[in-house]
Amino acid sequence: MRTVKLPDGETVQALGLGTWHMGERGSEHDREVNALKAGMDLGMTLIDTAEMYGEGGAEEVVGDAIQGRRDNVFIVSKVYPHNASRRGAIAACERSLKRMRIETIDLYLLHWRGGVPLSETVEAFEQLKSEGKIRHWGVSNLDAGDMNELHNVESGNNCATNQVLYHLGERGIEWDLLPDCAAAKIPVMAYSPLGQGAILFEPALQQIGDKHGATPAAVAIAWVMRHEHVIAIPKSSDAERVRQNAAASDLKLDAEDLALLEDVFPPPNGPSRLAIL
Ligand code: NDP
């Protein structure tokens, strides 16, 4: 499995596991746990979750899935913007730790920008780091202007990632945010790399998949991962689909594949507002 370097030199898996919509229905619990375990068995040891997902339910699913293997997993979670104040972020993080039954979150993100000043959230994140409750912090859904602002607040340069929407059908970040983050050596974490399933019916993905003996989903993920500093976090609650998605790690798209995808899913031709789900 390919890895990506965080700004401090630590490496993480370039292909991880999303968890949005997990933990919402008790009847799905075992299936969700099994899907995450299947992914970890295949080396997808970065798991992305958030206090928002299932209002804590997804973090509980993660907690169950990582039992007995905590040391081999890199956990990413996120704080709601309305909890991202100096005291609020610390309390929210402690609740997340409890739900996942772990001592430390590996990477803790501001889920999106809200009313709390970035400087205050960063202060809370730095305190959590010094107390050992998180190891790295980062942001999500921040546009290029927000990132500039972040770099100008105290300790803002300690940001380890920006998690944003990126898939074949949504390429806006290629205009500025992606090159800016690459220049600052901040990896981008691509969320919804399958376009939440919507792009998978495009015949070009099937055609390229057939050529490589892979699924359209693996092609879509491999396309996102063609950048050396991008981490992809597809979500599936189905162990078989997780296996299909894991195949993206070894799938090398050639020039012909990339040209075909470029025709069907054109790149941005100017700046645009950061797309957010
Ligand atoms: P994805 O692009 O990962 O797509 C998930 C959907 O695709 C699900 O409906 C899933 O269904 C389906 N799917 C997964 N694998 C396959 C496959 N091989 N074949 C066909 N269908 C498949 O969307 P997400 O929005 O879930 O994004 C991924 C993760 O990114 C989230 O789970 C979350 O962790 C994170 N995220 C972060 C956001 C943020 O604001 N920071 C916003 C959105 C997502 P099924 O489960 O039934 O297989």
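All figures in this text were calculated on a predicted structure; none of them were measured in a lab. (Residues numbered from 1 in each chain as written. Predicted model: local features only at pLDDT ≥ 70, side-chain atom pairs only at ≥ 80, totals over all residues. Heavy atoms only, no water.)

S.K.: Break down the pairing of strand S4 (residues 74-79) for me, with residues and values.
M.R.: A regular strand places its side chains so that they alternate between the two faces of the sheet. Burial analysis of S4 places six of its six residues in the buried class, the great majority of the element. The alternating pattern of S4 places Phe74, Val76 and Lys78 and Ile75, Ser77 and Val79 on opposite faces, both of which are buried. Examined bridge by bridge, strand S3 (residues 46-48) and S4 share three bridges and lie parallel to one another. Bridged to Ile47 within S4 is Ile75. Note on the crossover from S3 through helix H2 (residues 57-65) to S4: the handedness is right-handed. (Buried < 20%, exposed > 50% of the residue type's maximum accessible area, 1.4 Å probe, protein only. Helix = DSSP H or I, 4+ residues; strand = E, 2+ residues; numbered from the N terminus. Pairing = 2+ DSSP bridges. Right-handed = clockwise from strand over helix to strand, strands pointing away.)

S.K.: Explain the side chain of Ser140 to me, and be specific about the residues and the numbers.
M.R.: Within the secondary structure, Ser140 is located in strand S6 (residues 134-140). Residue class for Ser140 comes out buried when judged on its relative accessible area of 1%. A polar contact is formed between the side chain of Ser140 and the side chain of Asn141, at a distance of 3.3 Å. Every residue in contact with Ser140, bar those within four places of it in the chain, is listed here: Leu110, His111, Trp112, Asn162, Gln163 and Tyr191. (Polar contact = N/O pair within 3.5 Å; in protein donor to acceptor, adjacent residues only side chain to side chain. Contact = heavy atoms within 4.5 Å.)

S.K.: How would you explain helix H5 (residues 144-151) if you had to name every residue and give the values?
M.R.: For H5, the complete set of buried residues consists of Ala144, Asp146, Met147 and Leu150. Within H5, the buried residues cover an arc of 155° as seen down the axis, which keeps them to one side. Elements that come into contact with the buried residues of H5 comprise helix H4 (118-130), S6, strand S7 (159-165) and helix H6 (177-183). Sitting at the head of H5, Asp143 places a side-chain oxygen 3.1 Å from the backbone nitrogen of Gly145. (Arc of directions from axis to C-beta.)

S.K.: If you had to explain the site of the ligand to someone new, which residues and values would you point to?
M.R.: Residues in contact with the ligand amount to 27 residues; listed here are only the nearest, Asp48, Gln196, Lys235, Ser236 and Arg241. Residue Thr19 places a main-chain N or O atom 3.1 Å away from an oxygen atom belonging to the ligand. A distance of 2.6 Å separates an oxygen atom of the ligand from a polar side-chain atom of Asp48. Protein contacts shield 87% of the accessible area of the ligand, which totals 900 Å² for the unbound molecule. Looking at which element gives the most residues to the shell around the ligand, the answer is helix H9 (residues 239-246), with three residues. A breakdown of the residues in the shell around the ligand according to their chemical character gives nine nonpolar, 14 polar and four charged. (Near = heavy atom within 4 Å. Areas by Shrake-Rupley, 256 points an atom, 1.4 Å probe, with all protein chains shown as cover. Nonpolar A, V, L, I, M, F, W, Y, C, P; charged D, E, K, R; others polar.)

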